[in-house]
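Take a look at the letters that make up each chain.
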Amino acid sequence: MKFTLGWLRDHLETAASIDEISTALSAIGLEVDGIEDPAETLGAFTIARVVEAAKHPDADKLQVLQVEIAPGKPTVEVVCGAPNARAGMLAVFAPIGTYVPGLDVTLVKKPVRGVESNGMMCSAAELELSDESDGILDVDDALSGKVGERYIDAMGLNDPVFDVALTPNRPDCTGVRGIARDLAAAGLGKLKPPRDLGDDVEGDAPCPIAIDLNFDADTADACPVFAGRVIEGVTNGPSPDWLQHRLTAIGLRPINAMVDVTNYISYDLGRPLHAYDADKLSGTVHARLGKDGESFVGLDEKSYDVDDAMCVIADDSGVLGLGGVMGGLASGSTDATTRVLIESAWFDPIRTAATGRKSGLTTDARYRFERGVDPQSVVPGLDLATRMILDICGGTPTQKTIAGEVPKPNLTIDFDPGRVEKLTGLKLPDAEIKRILTDLEFDVAAGEAGRLNVGVPSWRPDVEGPADLVEEVVRIARIDNVPATPLPDLDGVARPTLTHAQKQSRRARRTLAARGLVEAITWSFVPRGEAETFVGCGTIVELDNPISVDLSTMRPSLLPGLLGAAQRNRNRGFDDAALFELGQAYRGAGAKDQMIVAAGVRSGTAELSGGGRHWDGAADPVTAFDAKADVMAVLASLGLDPEKPQITRDAPQWYHPGQSGTLRLGPKTILAHFGVVNPRTLKALDIDDEPTVAFEIFLDAIPGGKKKTTRAKPQMNAGDLMPVRRDFAFVVNGDTAAGDVVKAARSADKNMITGVNVFDVFAGGQLADQGQKSLALEVTLQPIDETLTDKDIEAVSEKVIAAVKKATGGEIRG
C-alpha cells in the first residue's frame, strides 16, 4: 500500500515528521517497507530558461543552448539533442555532478563534439516521471517566475511516498483514511471529518439504467448490494495535475479523468469503483454468476473465459467484466465518453479470490475485495466519485439506484478491560482503553460491572472477539510498552523436553549424515502423476487450494522429491549422489495416515568421490545392499537388534521386484523398504536410467525402548580371548533367502556365536542345472572363560550344520 505524505494529511491533521510517521506506523503493526523522498533523487534539478538555441557546428542533430539557470547569473552553455529545444522555453536543468536516475549516470564535464556542456536539459523519462523521452520537459510558461527554483517544489512533486506492507487481516488500511485513523489513535494527530460532498450529488431524474441482482438463495452472498448512478453530459479527458501526480507517485499510470477518479478513491478510501460508458451498455446491468462458454475482453486487452462459479457484471448483450476483479474493454470509459455509469458494489471475498486465481488476474480491486471491503462504503464511495467527476468533468447526476441491501454491522462484543492486563501484562487505565477503541471508531458504551459493550465497525471484519480488542489496544498503546517479565528460576535440573519420536528423528538424522548422505529438504506437495506412482495401498490426498498444478497432491512418499533432486544434481555433472530426508508422508487424509519417514537415495557409485577419477579402475555401482546397510545402521542406532527383523520380498512396485526387500517385525509391522529403484518408476519421473537405490524407514513403526527402572549400567561383558572364525558352505535351493540361512546359523549357539556373515554366493555349473546355489558363511565364535579346544569348535560346528539343515534343508557342500 503506497501513499504520499500530502495525501495522508488530507485525512490527518498532523505536524509529525517523516521519521516520526514511519516509526509510528511500524510500531502499530503497519510495517513501512520503504520511503521514497523526491527531494533525495530530484532535488538537484531546477527550472531554467533557454535564452538562445544555435546549431552545433559539428553535428546536425545537436544544438548549443545558452541557459539561464538563476535570475541575475550568467548563462551556461549546454549541448542538447532534443528536437523540441528552442529559445524562450522553460525546461528542467541538471548541473554537473547531478545523478540522473533515468540514465543511471552522474554528469561530468566533458566536450560533446568539441563543445563543452555544463549540464543537461532533461526529459520526463530521465527524471523517471513518465515514459516520455522524445524531447526535454516543456515547463508551463506560467512558472516563468520560478527560474532557479527546484523543479519538484515548483510542480508540487516534493511529496514523500510511504510503502506500507499490509497483513491480510487489515482491509481497512488498503485506503489512506484507514491508515490515518490508526495514526490518530496512536497520538500522531487528529483525524479529519469526511469531506463535505454538497447537496448537488443526488440528482433529480431517476437513473435511466436499471440494475439487477440475479442470484438464487444459495449464491446471493456473491454480490448482496450493487449501487449505481449515471452522470449525463460529462467532458472526459486528462485529470488535473494534482490527481495525476498522486497516482504517478504510487506507481499508477494516469489514463483519463473517469478512470483516475475511481483509482484515486480505491486508494483513498479502500473502495474500488468502476466507470462504464453508459452509451455502450445494452439494457439492464446484471450482477450474476457466469455461464460456461462465456468470455470477455478485459481492460488489459486480453480475453478471459468465465465459468459458473464466477460473479460477473453483464448487460443484456453479455459479460462486461468480472465482479470485484476487472472490467471489460468494450464498456470502459474513454475520452469520448459523455454519459457515465458509476458502479459501487460489494463482492464476496472468497469468491473474488477464487475468481482471481482462476483468471490469473491480480488487480487493485481484487486485492481489496478478497480482503474484505467495507460494505457500508458502497453509497459514500458512489457519492464521492460523483462529486469528483462533477468537479473535474462537469455534467448532471441522476438519482442513485441500489439493487439489494447494504449489509449492516451487527457485532457487539461484551468486553472486560481487565483482559488487557490478563492477556498481555500491560496495565492501562480503563479510560485509556476506552479512548483507544473510541479513536479507532469502535462504538463503545458502558456495560454492567465495569464492562464495555463494543460495537465493531463495518470496516473491521478481522475483529471477532475480546482477544481481538485486546490486540487493538496493545497495538495502539505500543507493544514496546508490554513489560518484559523473566520466567521464574526452577530448582534442580530441567526435565528432558524431547519426545521419544523427536529423539528417534535426531538419531536417524545423525546416523545417515555420518554414513555420508547429505540431508535435503523437498516439497511436501507433488504432482498427481507422481503421487499415483508412489501411493501403494493408500489413497491420494489432493489439496483444495494448491499453490500450483505441479504441487497439487500431498506426497505419499519422500522418494519423488529425493529422486528429482538426484536428477538435478546429475544434470549438473554430479553423477554420484547420496541424499536423505526426514519428514512426513501422507497415505490418506486421516491422522493415522500421516507417517514420519527417513528416506534416502544413492545413485552412481557406492564409493562417492565428489566427481574425482578412479585411477584403479571403475568404482562399483550402488546395489540394493548399500541401501540395506543404511537401513540396518539406522535401526541399530535406534536400539533395535538388526537380527530381529525379517526380510521379505514384497517391496512396493516402485522398487525392482528382484532386487529389493521389506523389513518386518511380525506379519503386520513394516519397518522399512529398500532396494534398487524400478526402471519403470525412473521412466515415469523422467529420470535417467542410472544405477539408483533407495530406502524408506518408517520411524513410527519402530518400537520404543523400555523405560529403565534403574540408573545402574549393565555389567560389561567383553572377553579378553581371541575370537575364532570358521567358514561353512551350504548348498540350498535357489529360492532360499540368505537371511534365513544366517538366522539359522546364528541360533545354533547364541552364547558362543557372535557373528554370521555371507561372504560368497555361487549359483553356476551343476548347481544351476539343479536349481541350487552355494552360500558361504563366516561364523565368529567368541570364547568367554577359556580358549576353545578343537572339540569345542567341532561341537559348535555340528550345531550350526544341524540348525541350517533343519531350517532350510541346506547341506554342507562337498
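Given the structure is predicted, the values throughout are model-derived calculations rather than measurements.

Asks: Just to check I follow, could you spell out the packing of aromatic side chains for this structure?
Replies: The geometry of two aromatic rings is summed up by the distance between their centres and the angle between their planes. Applying the stated criterion to the full structure yields nine aromatic pairs. Between the aromatic rings of Trp 242 and Tyr 264, the centroid separation amounts to 5.6 Å while the plane-to-plane angle is 90°, which identifies the pairing as edge-to-face. Placement of Trp 242 in helix α6 (residues 241-249) and of Tyr 264 in helix α7 (residues 257-269) is noted, with a sequence separation of 22 residues between them. Here the aromatic residues Trp 7, Trp 242 and Tyr 264 are joined through ring pairs into a cluster of three or more. Residue placement shows Arg 181 over the ring face of Trp 459; its charged tip is 4.2 Å from the ring centre. The residue whose ring lies beneath Arg 368 is Tyr 267, and the NZ or CZ to ring-centre distance is 4.4 Å.

Asks: I tried to follow the state of the cysteines on my own but got confused; where do I start?
Replies: The term disulfide refers to a covalent linkage connecting the sulfur atoms of a pair of cysteines. For the coordinates displayed, the defined rule picks out zero disulfides. The structure places no disulfide on Cys 80, whose sulfur is separated from the nearest cysteine sulfur, that of Cys 122, by 9.3 Å.

Asks: How should a positive patch on the surface be read in this particular structure?
Replies: Taken together, the side chains of Lys 503, Arg 506, Arg 507 and Arg 510 make up a positively charged region of the molecular surface. Counting through the fold element by element, Arg 506 comes out in helix α14 (residues 500-514). Residue Arg 506 is classed as partly exposed on the basis of its relative accessible area, which comes to 45%.

Asks: Before we go on, may I ask you to explain the sheet that holds strand β28 (residues 443-446) in this structure?
Replies: Two pairing modes exist for strands in a sheet, parallel and antiparallel, and in both the strands are linked by backbone hydrogen bonds. As summarised here, the arrangement of the three strands in space is β27-β29-β28, forming an open sheet in which the pairing is antiparallel. The strands lining the two open edges of the sheet, one partner per strand, are β27 (412-415) and β28. Going from strand to strand, the sheet's axes swing by 25° on average, the running direction of each strand aside. One ladder, built from four bridges, connects β28 with strand β29 (residues 452-455); its direction is antiparallel. Across the sheet, residue Asp 443 finds its bridge partner in β29, namely Gly 455. Sheet contacts for helix α12 (residues 430-439): β27, β28 and β29; angle to β28, the most-contacted strand, approximately 145°.

Asks: When you look at the environment of Glu 301 in this model, what are you seeing that I'm missing?
Replies: Within the secondary structure, Glu 301 sits in the loop between β19 (295-297) and β20 (303-305). Under the relative-accessibility criterion, Glu 301 is labelled exposed at 62%. Spatially, the C-alpha atom of Glu 301 lies 6.6 Å from that of Leu 329, the residues being 28 residues apart in sequence.

Asks: Explain unusual backbone geometry here, please?
Replies: Negative phi values dominate among residues other than glycine, just as trans dominates among peptide bonds. The phi torsion at Arg 113 lies on the positive side, around 55°, for a residue other than glycine. Checked against the element boundaries, Arg 113 lands in the loop between β10 (110-112) and β11 (115-117). A residue is classified by how much of its surface remains accessible, and Arg 113, at 53% relative accessible area, is exposed. The phi dihedral of Glu 128 is positive, around 60°, even though this residue is not glycine. The residue Glu 128 is located in the loop between β12 (119-121) and α4 (151-154) in this model.

Asks: Please explain the confidence of the model for the protein chain as it appears in this structure.
Replies: Low pLDDT means the predicted atomic positions in that stretch should not be read closely. Mean pLDDT over the protein chain stands at 90; residues scoring 70 or higher make up 96%. Contacts of residues 608-615 to residues separated by more than four positions or lying in other chains number 11 contacts, the stretch itself having pLDDT below 50.

Asks: Help me understand the nonpolar core, please; the structure alone is not making it clear to me.
Replies: What tends to happen in soluble globular proteins is that the nonpolar side chains get buried as a cluster. Core analysis: the biggest nonpolar cluster contains 99 residues, and Leu 25 and Leu 183 have the highest contact counts within it. Of the residues forming this core, the biggest block, eight residues, is contributed by helix α10 (residues 378-393). Aside from chain neighbours lying at most four places away, what touches Leu 183 is Leu 8, Leu 12, Ile 21, Ala 24, Leu 25, Ile 28, Leu 188 and Gly 189. Counting residues in hydrophobic clusters, the runner-up holds 26 residues, among them Val 634, Leu 640, Ala 672 and Phe 695.

Asks: Would you mind showing me how to read the sheet that holds β12 here?
Replies: Taken in spatial order, the five strands line up as β6-β5-β4-β7-β12 in an open sheet, and their pairing is antiparallel. Of all strands in the sheet, those bounded by a partner on one side alone are β6 (76-80) and β12. Averaged over all pairs of adjacent strands, the angle between their axes in this sheet comes to 45°, without regard to strand direction. One ladder, built from five bridges, connects strand β5 (residues 63-68) with β6; its direction is antiparallel. Opposite Val 67, over in β6, you have Val 76 as the bridge partner.

Asks: Which parts of the structure should I look at to understand the packing of α7 against α10?
Replies: Two quantities define a packed helix pair, namely the angle between the helix axes and the distance between the axes. Two elements in contact, α7 and α10, have axes separated by 10 Å at closest approach and are oriented at 140°. Taken together, α7 and α10 sit at an angle that is classed as oblique. Between α7 and α10 the crossing geometry is right-handed. Here α7 contributes Ala 257, Met 258, Val 261, Tyr 264, Ile 265, Asp 268 and Leu 269 to the contact with α10, which in turn contributes Gly 381, Leu 384, Ala 385, Met 388, Ile 389, Ile 392 and Cys 393. Split into classes, the residues belonging to the contact of α7 with α10 amount to 12 nonpolar, one polar and one charged.

Asks: Just checking my understanding: could you explain a negative patch on the surface for this structure?
Replies: Taken together, the side chains of Asp 785, Glu 786, Asp 790, Asp 792, Glu 794 and Glu 798 define an acidic patch exposed on the protein surface. Along the chain, the position of Asp 792 falls in helix α21 (residues 790-808). Taking relative accessible area as the criterion, Asp 792 reaches 30% and is therefore assigned partly exposed.

Asks: Hey, could you run me through the pattern of salt bridges in this one?
Replies: Two side chains that carry opposite charge are able to pair once their charged atoms sit near each other. Applying the stated criterion across every chain yields a total of 39 salt bridges. The salt bridge involving Asp 182 is made with Arg 170; its shortest N-O contact spans 2.9 Å. Placement of the pair is Asp 182 in helix α5 (residues 176-185) and Arg 170 in the loop between β13 (161-165) and α5, with a sequence separation of 12 residues. Here Arg 451 makes a salt bridge to Asp 414, at a shortest N to O gap of 3.1 Å. Taken together, the residues span a long stretch of sequence, with Arg 451 in the loop between β28 and β29 and Asp 414 in strand β27 at a distance of 37 residues.

Asks: What is the right way to look at the side chain of Arg 570 in this model?
Replies: Structurally, Arg 570 is set in helix α16 (residues 559-571). For the buried residue Arg 570, which engages in no salt bridge, the nearest side chain bearing the opposite charge is Asp 688, 4.5 Å off. In this view, Arg 570 contacts Asp 575, Ser 603, Ile 687, Asp 688, Glu 690 and Thr 692; residues no more than four positions away in its chain are not counted.

The rules behind each value
- Residues numbered from 1 in each chain as written.
- Predicted model: local features only at pLDDT ≥ 70, side-chain atom pairs only at ≥ 80, totals over all residues.
- Heavy atoms only, no water.
- Phe/Tyr/Trp six-rings, centres within 6.5 Å; stacked < 30°, edge-to-face > 60°.
- Helix = DSSP H or I, 4+ residues; strand = E, 2+ residues; numbered from the N terminus.
- Lys NZ or Arg CZ within 6 Å of the ring centre and 35° of its normal.
- Disulfide = S-S within 2.5 Å.
- Patch = residues over 30% accessible without salt bridge, like charges linked within 9 Å, V, L, I, M, F, W, Y side chains within 5 Å.
- Areas by Shrake-Rupley, 256 points an atom, 1.4 Å probe, with all protein chains shown as cover.
- Salt bridge = Lys/Arg side-chain N within 4 Å of Asp/Glu carboxyl O.
- Lys, Arg positive; Asp, Glu negative; His and termini not counted.
- Charge placed at Lys NZ, Arg CZ, Asp CG, Glu CD.
- Buried < 20%, exposed > 50% of the residue type's maximum accessible area, 1.4 Å probe, protein only.
- Pairing = 2+ DSSP bridges.
- Axes fitted to C-alpha atoms, helices over the stretch in contact; angles between N-to-C directions.
- Contact = heavy atoms within 4.5 Å.
- pLDDT = per-residue confidence, 0-100.
- Core = buried A, V, L, I, M, F, W, Y, C linked by side-chain atoms within 4.5 Å.
- Parallel < 35°, antiparallel > 145°, perpendicular 65-115°, else oblique.
- Left-handed = near helix turned anticlockwise from the far one by under 90°.
- Nonpolar A, V, L, I, M, F, W, Y, C, P; charged D, E, K, R; others polar.

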